[in-house]
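The chain contents come next:
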Amino acid sequence: MTKETIVWTIEDEEVREDHPGISAAAELLRAGELVAFPTETVYGLGADARSTSAVEGIYAAKGRPSDNPLIVHIADRVQLDELVSETISEAERELAERLITSFWPGPLTLVLPARPGAVSPRVTAGLPTVAVRMPDHPHALALIRAAGLPIAAPSANRSGRPSPTTARHVVDDLAGRIAGIVDGGPTSVGLESTIVAVGPRGLELLRPGGVTQQALRDAVPDVPLTLAPELQRHADPASEAQQPEQAAAPRAPGMKYAHYAPQGEMRVVTYGSGAESAARDAIIDRAAALLAQAKQQGLRTGVLTYAEYADRYRGVDHVAVCGSLQDLSTAAHGLYDALRSFDQAGIEYIVAEGCPTEGVGEAIMNRLMKAAAYRIERV
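Please read these numbers as outputs of a predicted model, since none were measured by experiment.

**As for a negative patch on the surface**
Part 1 of the reasoning: Together, Glu 11, Asp 12, Glu 13 and Glu 14 make up a negatively charged patch on the protein surface.
Part 2 of the reasoning: Note on placement: Asp 12 falls in the loop between strand S1 (6-9) and helix H1 (20-30).
Part 3 of the reasoning: Residue classification places Asp 12 among the partly exposed residues on the basis of a relative accessible area of 37%.

**Points about the nonpolar core**
Part 1 of the reasoning: Counting 73 residues, the largest nonpolar core has Leu 99 and Leu 110 as its most contacted members.
Part 2 of the reasoning: The greatest single-element share of this core, amounting to 7 residues, is contributed by helix H6 (residues 138-147).
Part 3 of the reasoning: Beyond its immediate sequence surroundings of up to four residues, Leu 99 is in contact with Trp 104, Leu 108, Leu 110, Val 196, Val 198, Leu 203, Leu 216 and Val 220.

**Observations regarding the packing of H1 against H6**
Part 1 of the reasoning: Running from amino to carboxyl end, H1 crosses H6 at an angle of 55°, the nearest separation of the two axes being 8 Å. Of the possible angle classes, the one that applies to H1 and H6 is oblique. Considering only the axes of H1 and H6, their crossing is right-handed. Every residue of H6 that contacts H1 at Ile 22, Ala 25, Ala 26, Leu 29 and Arg 30 is listed here: His 139, Ala 142, Leu 143, Ala 146 and Ala 147.
Part 2 of the reasoning: Taken together, the residues of the contact of H1 with H6 sort by class into 8 nonpolar, 1 polar and 1 charged.

Thresholds applied
- Residues numbered from 1 in each chain as written.
- Predicted model: local features only at pLDDT ≥ 70, side-chain atom pairs only at ≥ 80, totals over all residues.
- Heavy atoms only, no water.
- Patch = residues over 30% accessible without salt bridge, like charges linked within 9 Å, V, L, I, M, F, W, Y side chains within 5 Å.
- Areas by Shrake-Rupley, 256 points an atom, 1.4 Å probe, with all protein chains shown as cover.
- Salt bridge = Lys/Arg side-chain N within 4 Å of Asp/Glu carboxyl O.
- Lys, Arg positive; Asp, Glu negative; His and termini not counted.
- Charge placed at Lys NZ, Arg CZ, Asp CG, Glu CD.
- Helix = DSSP H or I, 4+ residues; strand = E, 2+ residues; numbered from the N terminus.
- Buried < 20%, exposed > 50% of the residue type's maximum accessible area, 1.4 Å probe, protein only.
- Core = buried A, V, L, I, M, F, W, Y, C linked by side-chain atoms within 4.5 Å.
- Contact = heavy atoms within 4.5 Å.
- Axes fitted to C-alpha atoms, helices over the stretch in contact; angles between N-to-C directions.
- Parallel < 35°, antiparallel > 145°, perpendicular 65-115°, else oblique.
- Left-handed = near helix turned anticlockwise from the far one by under 90°.
- Nonpolar A, V, L, I, M, F, W, Y, C, P; charged D, E, K, R; others polar.

Here is the structure:
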C-alpha cells in the first residue's frame, strides 16, 4: 500500500534529540514505522530492532531476501551489553572492547553472540549472532537516542540496487513505501561499514568497507585476522571470480546476493597481476573494445572510470566518473552515485574499470564485483 513519505531536511551539523524533525521521526520508529536516516557510510532504513512486525516491514519495503541479516545501530555503549549474550568469552569481550575504542563511533560493524530475545529473530535471520555498530553521524545518533531503542537498518534502497548516499536516492527507491526520511545531506564515506566477526581466536573479515584491513591490523596487531571464504576466493588475482555459493545462509549483510547493481548488464575489467600503471592501458583498451562491440549491437553503452582516464573513452553514451584513482577515498564516496547515473541515462551495457585492492580499494572492488554479478575480465 502506498503511504505518504515525510522528508525532514535537517541542515544543522550538530543536531539534538529534541529537534522537531528528529522527534517526529523517533515517534514514528516507536510506533513501528520505517524511517530512513543518514549515517557516515550510506543512508539506512530504520525500524525497531525488537519488533518483528517492524522489521518485516524493512524486508517488504526493500524486497530483501529473508535470510539476509540486518545490522543493529546503537548510540550508547550500554546498548551493546543489552544485545550481546552474557556467555560471550572473556577473549571475545576484550577484543570487542579494543575495536570499539579504536573505531566507534564509525564504519565498523561487530558480529557477536546474540543475547536471546534481545532483538527480533528476523534481525539475525535465525543466526546465533547479532551485527552491531555505532554510526558516526550526528543525525543518526540523535535519532537513535530520541527513539530510545536499537534500530535495525540495512541500506535504504530497493534490494540489489546501488546503495543510497543522498536522501534523493532514498526518495527514488522508497517514496510511498516508508513513513519518513531524515535528510542530512550527502554521506561522507560512501561505502557500507566493514563487518568483522569477533571470535575467541581472532577476527574474521566478512565484508570490507570504511575501515580497511590495515587499520584493523594496526588496531589489534596481536590478533589473527582471516578472510571469509568468499573474500579469500576473490583476493587471489589468478582465481576465477565466480559468484559465491548460494546455498548457505549469509552471516552478515552483503555476503550472499548480487548487490549494488544498475539495471544494465555490467562487467568489470581489471588486472590479474603486475604493476597497476602497466596494466591500466590494457584495462582501458579492453573496456573500449567491449563497449564498441556492444555499440555495434545497438546497445546504449556506459563506462565507469576515474577522473584521470575519463577522456580516453570516445563514442560511449555515458561516462561516469566515480572519483580519482590517485585518491580512492573519492572513488568510494562517488561510487554509488556513479552507478545510479547509468539508470538515469538509460544505459543497457556497462563496463567498469577495476582499481587496486589496497586500502579502501578492497571494498570498492568488492562492490563492483557484486554489481557486475561477478562478470569479471582480467587483463
